[in-house]
Amino acid sequence: AQKVTQAQTEISVVEKEDVTLDCVYETRDTTYYLFWYKQPPSGELVFLIRRNSFDEQNEISGRYSWNFQKSTSSFNFTITASQVVDSAVYFCALSVVYNTDKLIFGTGTRLQVFP
Amino acid sequence: DAMVIQNPRYQVTQFGKPVTLSCSQTLNHNVMYWYQQKSSQAPKLLFHYYDKDFNNEADTPDNFQSRRPNTSFCFLDIRSPGLGDAAMYLCATSRDRAIEKLFFGSGTQLSVL
């Protein structure tokens, strides 16, 4: 079975602080894809990143960075110098190759960035 | 410009009164999905179309149906809404499979009175 766990239900930070959102996944498949999506108050989920299971290289995109570690089945997301506009619910998700039509979401982490 | 459009943004219906939610896309994607998201929960896949092929999730109630008359449009029909069906309904598309990036609409918030 596949599962995504986001243990942090809500995080509050003050602007300019760094924040890390944790994601732990479970799957027996060797080929899979991991994602992060952002859901702002408007409701629309916005794609942030996709990683396949064979690519453990960390990625940085502006203030965002992702740390993928297969040894701990984790795919953590760090926002550096957070801004109020980063306030949203962030979902980690998993898709496995044998069932490529289904995206399995974690329960999400609500991030509130205060000015 | 919005690429996945859901109408209406808010929908109120009565207990047991059929309701239809709509979704359209300008991306010409093969796959269209319907997700149900209840408050503070993860989106839950109800079903999806790969082109004209309908794929229902095993735990999706029979009360939920879907239609895809053409590539651009997809509808979610709730035949007899119950109070437990109140939720945000999200439509999404992908070019080929869920291993690719999904594009989501802004959702329809359904209330059942």
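Analysis parameters
Residues numbered from 1 in each chain as written. Chains lettered and ligands numbered in written order. Predicted model: local features only at pLDDT ≥ 70, side-chain atom pairs only at ≥ 80, totals over all residues. Heavy atoms only, no water. pLDDT = per-residue confidence, 0-100. Helix = DSSP H or I, 4+ residues; strand = E, 2+ residues; numbered from the N terminus. Core = buried A, V, L, I, M, F, W, Y, C linked by side-chain atoms within 4.5 Å. Buried < 20%, exposed > 50% of the residue type's maximum accessible area, 1.4 Å probe, protein only. Contact = heavy atoms within 4.5 Å. Salt bridge = Lys/Arg side-chain N within 4 Å of Asp/Glu carboxyl O. Polar contact = N/O pair within 3.5 Å; in protein donor to acceptor, adjacent residues only side chain to side chain.

Draft legend 1. Structural view of the confidence of the model for chain A. Here chain A averages 92 in pLDDT, and 97% of its residues register 70 or above. The secondary-structure element of chain A with the lowest mean pLDDT is strand 7 (residues 59-61) of chain A, recorded at 88, while strand 3 (residues 19-21) of chain A shows the highest, at 98.

Draft legend 2. Structural view of the nonpolar core. In terms of nonpolar packing, the biggest core is built from 25 residues, with W36(A), F75(A), F77(A), Y90(A) and L111(A) touching the most fellow members. Mapped onto this core, the elements with two or more residues apiece are strand 2 (10-14), strand 3, strand 5 (32-39), strand 8 (64-69), strand 9 (74-79), strand 10 (88-96) and strand 12 (109-114) of chain A. With five residues, the top contributor of residues to this core is strand 10 of chain A. If you look at the next biggest cluster of nonpolar residues, it comprises 20 residues, including Y33(A), A93(A), L45(B) and A92(B).

Draft legend 3. Here's a closer look at the interface of chain B and chain A. The interface of chain B with chain A comprises 21 residues on the first partner and 19 residues on the second. At the junction of chain B with chain A, the criterion picks out one salt bridge. K102(A) is the partner of E57(B) in a salt bridge, and the nearest nitrogen-oxygen pair spans 2.8 Å. Put simply, chain B and chain A have five residue pairs in polar contact (both at pLDDT 80 or more) between them. Looking at the side of chain B that touches chain A, the elements that each hand over two or more residues are strand 4 (31-37) and strand 5 (44-50) of chain B. The element that contributes the greatest number of residues to the side of chain B that touches chain A is strand 4 of chain B, accounting for three residues.

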